[in-house]
Amino acid sequence: MHSRSFAPASVAEDYTLTTPAASATTPAYIEYDSTSLIDDVFFDVATPSPTIAAAMRAPKWPERPRLSDLPEEVLPTAAVRPVPVSSKIYPKIPEVEYKPEPIWIPSEMDEVDRGETTWRRKAIDVSAVPKADEPAVGLRRIWDKMLDTAFDNSDRRQLGIGALGRCLNRQWRRDRIDSDIKKQLDDFSDHRPYFTYWVTVVQIIVCIVSISVYGLAPVGFGRTQQESLVLKPSLAFEPVGYQEPDNLWIGPKSAALIHLGAKYAPCMRKDKPTWDKIYKNREIENHSACCIRNDGSGCIQSAQENCNDLFSTWYSWRDFLPPNNRTRGSVCGQDPRSCHRPASSGANVWPDDLTKWPICKDVIKPEGARNGLEPMTCDLIGRPCCIGIRGECIITTREYCQFVNGYFHEEATLCSQVSCMDEVCGMISFLNPNVPDQFYRLWTSIFLHAGIVHCVLTVILQMFLMRDLEKLAGPIRIAVIYIGSGIGGNLASAIFSPDRAEVGPAGSQLGLMGMLFVEVLQSWQLLQRPWTSLLKLLGIFIFLIIIGLFPWVDNYAHIFGFLFGLLLSFALLPYVTFGEFDRRRKIATIIICLLLAAGLLATLIVLFYVTPIYACNACEYINCIPWTSDFCKNYEILITY
């Protein structure tokens, strides 16, 4: 059986090629005889059998991307031999090169050929979303591009890889990604790093404000000597010098950072060595009296050994007429008989203990020096001044107090009437002036930095590492790990280095390092050469411990922040399971790590508040190695003369 095949009519049409102009040697056009094609229009073809016809059908190949939709950089770059159109055959036609369109050749990683083994979700086809009829121009066009970028989820963070993993050349084992693992990976949520942006912006703002308000300390590794002629209680201008610690991070002074909320144990609890010194000074003040100069130039409260007998008189009530048989006093500028508010009468009689006298807010000045009221008529030239970071108080002039960067109390006459630790610590005042209670410094210090360099390093680390981890863990999990590691690290630092003031998110950043360790351990079966990945992270951890040997960076915060980050990450980070046994093992790990984190936190709280550690000389070498004589000194102001 035969059938007649039919060819398109265009084949039978005459074909005429017209050139731009005729010449003597070449005709103006090329004409083909169409009559020779008539016999070829119809031709005989045998009808094939059904089996042969099925074999002759073109196979259905998988859909390939169109070359017009691909960027130029991914097109094949193999050289294609041009096919010239010779000008010798057609002299009036300019010579051109014909470059055929390159054929799309799938690569080895083509998902169509090898099957999709990546866990990344495909980008949402925003072109399928119905849009308005108006053309995409102006703001609408920009908005569409923004939506395309926002909906694109084709480059999610991969479990076990991440930004640091790509830098360390970490790769997956493709043979371990079966359908179950792929489904678990596809169920992971993709998060935006909102917490990273928020905490970084807050830290930058706090750094700018602290430098703007408190200025910069001398930059260096030692101490800077300050000298000047200052009016002292002797009413003479004398040379005064003091040394203050340098700040190698280009930032505020140590006292300013404490005032802003640095981690400092004496502001968080009643530190025994600090308050023993304060109580000793108060006992000395309880036996003091008013030292009145004989020439009438003024008076100042002092101990008897500090009052010059040649030029002054130490006016003690034990030697003169005491009011109500008192044995303590007198006090320059204050007397129970000359105070209207609060009055010393009835049940509110001032005790015979100068350290318990209140500040007189309404003084009644006597008309003359009589009946033992001489300390009330002299010119008071010295008042309490809080200096340093240990709550030390001295009676001195305003000029001297301002020169040594102290806090001058114009309203008081005795050091026992002011709380110097409250002045040193700043922030919210103590509920009880004699009991420091600023436990919130455990997390306020996370947002503080020692200087510009310190803040820049934090921003770089968080924008590179923490932002990448938050895409996997989400803002709530990353916030719990970041804040929890910072609090745990600062609490350990306050226990083992109570005299050192520390700022910065050192514990929080090492908590992020703990997250990286947990991520490698939880995806151990997925990674190629997991031991190599673990050793590389260990090298980075050792480098950060070395950085912790510098001032204002705390190694105890590093070590315990890493431990808290490790435990919290085991409990909070998402993971994949390789079978039922692995799933149960990881659930048990979550419970155990939560219990260990709670137990470690409770132990640190007991060591800080119940059974504190006040002296540990060997502990300082873990936190700071004294490269110079003043490298690891306490951040106090030292009065030299």
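Here's what I pulled together on the structure shown here.

The rules behind the values
Residues numbered from 1 in each chain as written. Predicted model: local features only at pLDDT ≥ 70, side-chain atom pairs only at ≥ 80, totals over all residues. Heavy atoms only, no water. Pairing = 2+ DSSP bridges. Helix = DSSP H or I, 4+ residues; strand = E, 2+ residues; numbered from the N terminus. Disulfide = S-S within 2.5 Å. Buried < 20%, exposed > 50% of the residue type's maximum accessible area, 1.4 Å probe, protein only. Axes fitted to C-alpha atoms, helices over the stretch in contact; angles between N-to-C directions. Parallel < 35°, antiparallel > 145°, perpendicular 65-115°, else oblique. Contact = heavy atoms within 4.5 Å. Nonpolar A, V, L, I, M, F, W, Y, C, P; charged D, E, K, R; others polar. Salt bridge = Lys/Arg side-chain N within 4 Å of Asp/Glu carboxyl O.

### Regarding the sheet that holds strand 15 (residues 392-396)
Strand order across the open sheet formed by three strands is 15-14-16, with antiparallel pairing between neighbours. The two strands at the open ends of the sheet, each matched to only one other strand, are strand 15 and strand 16 (407-408). As paired strands, strand 14 (residues 383-387) and strand 16 are joined by two bridges and run antiparallel to one another. Bridged to Cys-385 within strand 16 is Phe-408.

### Some remarks on the state of the cysteines
Counted by the stated rule, this structure contains eight disulfides. Note on cysteine connectivity: Cys-290 is disulfide-linked to Cys-332, with sulfurs 2.0 Å apart. Handedness here is read from the sign of the S-S torsion; for Cys-290 and Cys-332, about 110°, the answer is right-handed. Of this pair, Cys-290 sits in strand 9 (residues 289-293) while Cys-332 sits in the loop between strand 11 (312-315) and strand 12 (339-341), and the two are 42 residues apart along the sequence. Here Cys-290 falls in the buried class, since its relative accessible area comes to 0%. The disulfide that involves Cys-291 links it to Cys-307, with 2.1 Å between the sulfurs. Across the S-S bond linking Cys-291 and Cys-307, the dihedral sits near 75°, which makes this disulfide right-handed. Taken as a pair, Cys-291 in strand 9 and Cys-307 in the loop between strand 10 (299-302) and strand 11 lie far apart in primary sequence, 16 residues in all. Summarising the burial analysis for this pair, Cys-291 and Cys-307 share the class buried. Cysteine Cys-207 remains unbridged, with the sulfur of Cys-455 as its closest cysteine sulfur at 4.1 Å.

### Description of the pairing of strand 7 (residues 223-231)
Sheet faces and side chains relate simply in a regular strand, where the side chains alternate between the two faces. Relative to strand 8 (residues 237-245), strand 7 runs antiparallel, the two being bridged by nine bridges. Residue pairing for strand 8: Thr-224 is matched across the bridge by Glu-244. Connecting the antiparallel pair strand 7 and strand 8 is a turn made up of five residues, with Leu-235 showing a positive phi of about 65°.

### Side note on the packing of helix 16 (residues 506-522) against helix 17 (residues 530-547)
Packed helices, taken two at a time, are described by the angle between their axes plus the distance between the axes. Helix 17 packs onto helix 16 with a crossing angle of 170° between their chain directions and a minimal axis gap of 10 Å. In terms of orientation, helix 16 and helix 17 fall into the roughly antiparallel class. The segment helix 16 lies against helix 17, with Leu-510, Met-513, Leu-516, Phe-517, Val-520 and Leu-521 engaging Pro-530, Ser-533, Leu-534, Leu-537, Leu-538, Ile-540, Phe-541 and Leu-544. Partitioning the contact of helix 16 with helix 17 into residue classes produces 13 nonpolar, one polar and no charged.

### Focus on the sheet that holds strand 10
Sheet architecture is open: three strands sit in the order 10-9-11, paired in antiparallel fashion. On the outer flanks of this sheet lie strand 10 and strand 11, each paired with one strand and no other. Averaged over all pairs of adjacent strands, the angle between their axes in this sheet comes to 30°, without regard to strand direction. As paired strands, strand 9 and strand 11 are joined by four bridges and run antiparallel to one another. What sits directly across from Cys-290, in strand 11, is Tyr-315.

### Considerations on the pattern of salt bridges
With the rule as written, the count across this model stands at 15 salt bridges. Notably, a salt bridge pairs Arg-337 with Asp-335, separated by 3.0 Å at the nearest N-O pair. With its nearest N and O atoms 2.6 Å apart, the salt bridge here joins Arg-583 to Glu-580. Of this pair, Arg-583 and Glu-580 both sit in helix 19 (residues 580-610), three residues apart, which is roughly one turn of the helix.

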